[in-house]
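Structural description and commentary
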Amino acid sequence: MSAGRNRYCLGSTMSAEPILPTCNMKSIKHAALTALSVVCLCMPALADDQSDLPMSFIDRQINSHAGETGAYVLDRGEAALQARAWLVDHAQQSIEVQYFIWSTDNIGRLAAEALLRAAERGVKVRVIVDDLLIDAPDKTLLALAKHPSIDIRIYNPQHKVGTPFYKRALNTVTNFRGVNQRMHDKTFIVDGKLAITGGRNMADEYFDYDQEYNFRDRDALLLGEAVKQMRASFENFWSSESSAPVETLYDGFGLMQKNVRVDDSEVQQIYKGLHEYAKSPENFAPEVRKAIAEMPTAFPKVAKEVIWGKVEFIHDIPGKNQNRIRLDGGGMTTAALAKLVEGAHSSIVIQSPYLVLSDKAIDLFRKTVARGVRVRINTNSLASTDNLQAFSGYRNQRKKLLKMGLEIFEYKPDPAVQKKLMPRAVAKDKPPVFAIHAKSMVVDSRVVYIGTYNFDPRSENLNTEVGVVIHNEALAQAVEQAIETDMLPGNSWDAAKDNPDRHASLTKRSRARLWQQTPIKPLL
């Protein structure tokens, strides 16, 4: 299990131990065979005399739609990574990246190498990563931060980077809310004019490349006006006191803060190792190289299919809200999404990996159903979930939610739609478990939210979140149809009729019951 599949809750009886991968080398050959677009991250960009041509096309598109935002939904892992690969290789001035999880598995390492390669050709790279589940050796972080074109900051560094275990324990005792307040944002911005946001972190399982467990996720590719809003949010986090430069986290005396040094020879060796890993032919299959050859035309084709119109980027402030002790308080994303729910006239369709509604959220949806709005929700089943703690919270209120009139469909670990979304994986004897990680909401088949917000108290009150609200019927209906497909009997169980829990193992059911007895709802 990688870090991306571990729920986090510090200082309670809940397990806080992320099982972090050290470069997941298992089945490297299989990873290579399946990573149709991963290697685009590690191959040289187009020749200099051609690399500006696709970006010129993008510029023309933006200029011809002044004041508008172009949007394209990235529903498949391959397409989502392919888009990121193209953007990195065609960046000309700047790349700003903001993530909750960055692993050192294949995708994480190749992504780091791609950013290093961009910096080496003069692109200014800035990275903000949350401290809780970052998975990188201390010296590697320092070496990357030493590059003159790379700056790395760690958000709320009270848990891992530069923090000895005893200081971590002290932080939990003295600042419980602080250590639980995380940056869940996921943004990827290139040259201030193209961007990606959505549910995916930087790890194998978010792009369908893990051999045991993958996420059904969703991103949005954006061009134009909303990217300006996204960049302003990034700058707000960058300048926040909560974001610390990596170098300052390793200059302690070793007692309450680590002391780590890396000399120039070590820096160069680390750079060389990243490049060699990315160039190693044994990692990549012939069909992957074919995909590389098609990359120069693949992304511009996508760019031609974007839909232009009104798009709002919603986000929180660093720290989420002004609370420093209490675990409530809401946030800007919470208010924006509540407003969408309040404005619904006929239907709401939601897809969320975790469904733990606060008292305020329950009241909101009770009133929504009472005025005749049909609410359907697609979430993980006990058999598919990666998060027993969150599922226990849902399990405690499932009967209540169904009685309120919510229609809930729980995703199967082996949905039929997996054959369409991950055809290469289901060809194996034992396909990986497939679970929901997409966070989306469609209102009245006219407006769609795609972002990072889980429908749980943690997203409501503790974690900073982002996302886009797209006012376009075609895109809204496309996402709605995708979620409706995921709710079909071949893909999900009806929570009201099918008794989905019986499909999980006895051990998993027992562990969920134990978690149900713990008072952890505000942290879920």
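Every chain's residues receive numbers from 1 upward, in the order its sequence appears when written. Per-residue local features of the predicted model are confined to residues with pLDDT of at least 70, and side-chain atom pairs are confined, for both listing and counting, to 80 or more; whole-chain, interface and lining totals are unaffected and use all residues. Each side-chain value is derived from all of the structure's non-hydrogen atoms; neither hydrogens nor water enter the calculation.

**With respect to the overall build of the protein chain**
By the criteria applied, helices consist of DSSP H or I runs no shorter than four residues and strands consist of E runs no shorter than two, each listed in order from the N terminus. A count of helices and strands for the protein chain gives 18 helices and 18 strands. Relative accessibility under 20% of the residue-type maximum defines a buried residue, over 50% an exposed one, and the middle range a partly exposed one, all with a 1.4 Å probe and only protein chains included. Of all 524 residues assigned to the protein chain, the portion counted as buried reaches 62%. A separation threshold of at least 6 residues defines the contact pool for the protein chain, and within that pool the share at least 24 residues apart is 82%. Note that accessible areas follow from Shrake-Rupley with a 1.4 Å probe, and for residues the cover is restricted to the protein chains shown. Carbon and sulfur atoms make up 54% of the accessible area of the protein chain, which totals about 20300 Å². Note on definitions: a residue-residue contact is assigned when non-hydrogen atoms from the two residues lie within 4.5 Å.

**Let's talk about the confidence of the model for the protein chain**
Here pLDDT means the predictor's own confidence in every residue, given as a number from 0 to 100. Residues of the protein chain with pLDDT of at least 70 account for 85%, and the chain-wide mean is 87. Between residues 6–51, whose pLDDT stays under 50, and residues either more than four places distant or in other chains, the model counts 143 contacts.

**Remarks on the pairing of strand β2 (residues 94–99)**
Summarising burial for β2: 6 of the 6 residues are buried, a large majority. Burial along β2 is two-sided: the face carrying Ser94, Glu96 and Gln98 and the face carrying Ile95, Val97 and Tyr99 are both buried. Here β2 runs beside strand β3 (residues 124–130); their pairing, made up of 6 bridges, is parallel. Within the sheet, the bridge partner assigned to Gln98 lies in β3 and is Ile128. Handedness of the crossover is the feature at issue here: the chain leaves β2, passes through helix α4 (residues 106–120), returns alongside β3, and the resulting connection is right-handed. Strand pairing follows a simple DSSP-based rule, namely that at least 2 bridges must link the two strands. Summarising the sheet, β2 and strand β5 (residues 187–190) pair through 4 bridges and their orientation is antiparallel. Looking across to β5, one finds that Val97 is bridged to Phe188. When the strands point away from the viewer and the path from the first strand over the helix to the second turns clockwise, the crossover is right-handed.

**A few points about the nonpolar core**
For our purposes a nonpolar core is just a set of buried Ala, Val, Leu, Ile, Met, Phe, Trp, Tyr and Cys residues, chained together by side-chain atoms within 4.5 Å. Residues Ile95, Trp102 and Ile152 are the most contacted members of the largest nonpolar core, which totals 68 residues. It is α4 that contributes the most residues to this core, 7 residues altogether. Non-local contacts of Trp102, meaning those with residues more than four positions away in its chain, are made with Val97, Gly108, Ala111, Ala112, Leu115, Val127, Val129, Leu133, Ile134, Asp135 and Met202. Ranked by size, the runner-up nonpolar core spans 41 residues in total, among them Leu357, Val469, Ile520 and Leu524.

**Observations regarding the pairing of strand β13 (residues 407–411)**
Here β13 lies mainly inside the structure; 4 of its 5 residues are buried. Relative to β13, strand β12 (residues 374–380) runs parallel, the two sharing 5 bridges. Within β13, the position partnered with Asn378 by the bridge is Phe409. Once the chain exits β12 it traverses helix α13 (residues 388–404) before rejoining the sheet at β13, and the crossover so formed is right-handed.

**Things to note about the environment of Lys400**
One can find Lys400 in helix α13. On a C-alpha basis, the gap between Lys400 and Ile362 in space is 9.3 Å, while along the polypeptide they are 38 residues apart. Leaving out residues up to four positions away in the same chain, Lys400 has contacts with Ile362 and Arg366.

**Describing a nonpolar patch on the surface**
Here the term patch refers to residues with relative accessible area over 30% and no salt bridge, with like charges joined within 9 Å and nonpolar side chains (Val, Leu, Ile, Met, Phe, Trp, Tyr) within 5 Å. When a carboxyl oxygen of Asp or Glu is within 4 Å of a side-chain nitrogen of Lys or Arg, the pair counts as a salt bridge. Residues Phe165, Tyr166, Leu170, Leu255 and Met256 make up a contiguous nonpolar surface patch of about 510 Å² in total accessible area. Inspection of the secondary structure assignment puts Met256 in the loop between β9 (243–245) and α9 (264–279). The exposure class of Met256 is partly exposed, given its relative accessible area of 35%.

**A closer look at unusual backbone geometry**
Residues other than glycine seldom take positive phi values, yet Asp208 does so here, at roughly 75°. In this structure, Asp208 sits in the loop between β6 (194–198) and β7 (213–216). Using a relative accessible area of 6% as the deciding quantity, one classes Asp208 as buried.

**Observations regarding the packing of aromatic side chains**
Aromatic contacts are taken between Phe, Tyr and Trp rings whose centres are within 6.5 Å, Trp giving its six-membered ring; a plane angle under 30 degrees counts as stacked, one over 60 as edge-to-face, and the others as tilted. Scanning the model with the defined rule gives 9 aromatic pairs in all. When the ring of Tyr99 is compared with that of Trp102, the centres are 5.8 Å apart and the planes differ by 85°; the resulting orientation is edge-to-face. The burial state of Tyr99 is the same as that of Trp102; both residues are buried. Pairing Phe234 with Trp238 gives two aromatic rings, centres 5.8 Å apart and planes at 20°, and the pair type is stacked. One end of the pair, Phe234, and the other, Trp238, are both in helix α8 (residues 225–238), 4 residues apart, so they sit about a helical turn from each other. You can call Trp238 buried: its relative accessible area is 9%. Through successive ring pairs, a cluster of aromatic residues spans Tyr206, Tyr213 and Phe215. We call a charge positioned over a ring when the NZ of a Lys or the CZ of an Arg lies within 6 Å of the ring centre and within 35 degrees of the ring normal. For Arg109, the ring lying beneath its charged end belongs to Tyr277, and the centroid distance is 4.1 Å. Looking at Arg126, its charged tip hangs above the ring of Trp238, at a distance of 5.1 Å from the centre.

**Observations concerning α13**
For an α-helix, 3.6 residues make a turn, and residues three or four places apart therefore share a direction. A helix is expected to span 1.5 Å multiplied by its residue count minus one. Its 17 residues give α13 an end-to-end C-alpha distance of 24 Å, which sits within 8% of 24 Å, the value for a rise of 1.5 Å per residue. Gln397 marks where α13 bends most, by close to 50°. Counted residue by residue, α13 has 12 buried out of 17 residues, so it is predominantly covered. Taken together, the buried positions of α13 are Leu388, Gln389, Ala390, Phe391, Ser392, Gly393, Tyr394, Arg395, Gln397, Arg398, Leu401 and Met404. Once α13 ends, the next one or two residues include Gly405, with phi positive near 110°. Bend at a residue means the angle formed by two fitted axes: the first through the 7 residues ending at that position, the second through the 7 residues beginning there.

**A short note on the pattern of salt bridges**
According to the stated counting rule, one finds 27 salt bridges in the structure shown. The closest approach of N and O atoms between Arg126 and Glu235, which form a salt bridge, is 2.6 Å. On the criterion of sequence distance, the pair formed by Arg126 in strand β3 and Glu235 in helix α8 is long-range, its members being 109 residues apart. Where Asp328 meets Arg326, a salt bridge forms, and the shortest distance between an N and an O atom there is 2.4 Å. One network of salt bridges, in which partners are shared, links Asp75, Arg216, Arg218 and Asp486.

**Some points on the packing of helix α11 (residues 332–342) against helix α12 (residues 359–370)**
How two helices pack is summed up by the angle between their axes together with the distance between the axes. For helices, the axis comes from a line fit to the C-alpha atoms of the stretch in contact; other axes are also lines fit to C-alpha atoms, and the angle between any two N-to-C directions lies between 0 and 180 degrees. Running from N to C, α11 and α12 point in directions that differ by 20°, and their axes come no closer than 10 Å. By the angle between their axes, α11 is roughly parallel relative to α12. Viewed along their axes, α11 and α12 form a crossing whose handedness is left-handed. The residues of α12 that touch α11, namely those facing Ala338, Val341 and Glu342, are Leu364, Phe365 and Thr368. Think of it as three bins: nonpolar holds Ala, Val, Leu, Ile, Met, Phe, Trp, Tyr, Cys and Pro, charged holds Asp, Glu, Lys and Arg, and polar takes everything else, Gly as well. Residue classes in the contact of α11 with α12 are distributed as 4 nonpolar, 1 polar and 1 charged. Should an angle lie under 35 degrees it is considered roughly parallel, over 145 roughly antiparallel, and from 65 to 115 roughly perpendicular; all remaining angles are considered oblique. In a left-handed crossing the near helix is turned counterclockwise from the far helix by less than a right angle, and in a right-handed crossing that turn is clockwise.

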